Amino acid sequence: IPVETGEIDSAELVTAPDALDALIDLFQSAANSLEIEFMSLPPNWGSNQSPLVEAIIEAAERGVDVRVLLNKPFGSDDLKNIETATLLETLGQCE
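Residues numbered from 1 in each chain as written. Predicted model: local features only at pLDDT ≥ 70, side-chain atom pairs only at ≥ 80, totals over all residues. Heavy atoms only, no water.

**Description of the pattern of salt bridges**
A complete count under the given rule lists two salt bridges for this structure. A salt bridge links glutamate 35 to arginine 67, with the shortest nitrogen-to-oxygen separation between them at 3.6 Å. You can see glutamate 35 sitting in strand S1 (residues 33-38) and its partner arginine 67 sitting in strand S4 (residues 65-70), a full 32 residues away along the chain. Given the relative accessible area of 36%, glutamate 35 is considered partly exposed. The exposure class assigned to arginine 67 is partly exposed, which follows from its relative accessible area of 36%. Across the salt bridge formed by glutamate 83 and lysine 80, the nearest N and O atoms sit 3.8 Å from each other. Placement of both glutamate 83 and lysine 80 in helix H3 (residues 79-93) is noted, with a separation of three residues, approximately one turn of the helix. The class for glutamate 83 is partly exposed, based on a relative accessible area of 39%. (Salt bridge = Lys/Arg side-chain N within 4 Å of Asp/Glu carboxyl O. Helix = DSSP H or I, 4+ residues; strand = E, 2+ residues; numbered from the N terminus. Buried < 20%, exposed > 50% of the residue type's maximum accessible area, 1.4 Å probe, protein only.)

Here it is in structure tokens:
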């Protein structure tokens, strides 16, 4: 993600354990671009799609330019990032 300079209207620090609602609000408020980085972003939570992944997809469907950076998998526990990347790439090609 390139470093840029400029002015901003506001900034918000989002930290665990109360980050879910704040992150979804942030994703929903994106108007032009959304650049995010996760160490781990599983596509599903139990039998449901991750609310974070849902919010990312919804932003892209609104026309927001979305870029997601995920950690490279290091073992079988990290395969969820590959599943998420494949899902997002597949949906991105369906536009």
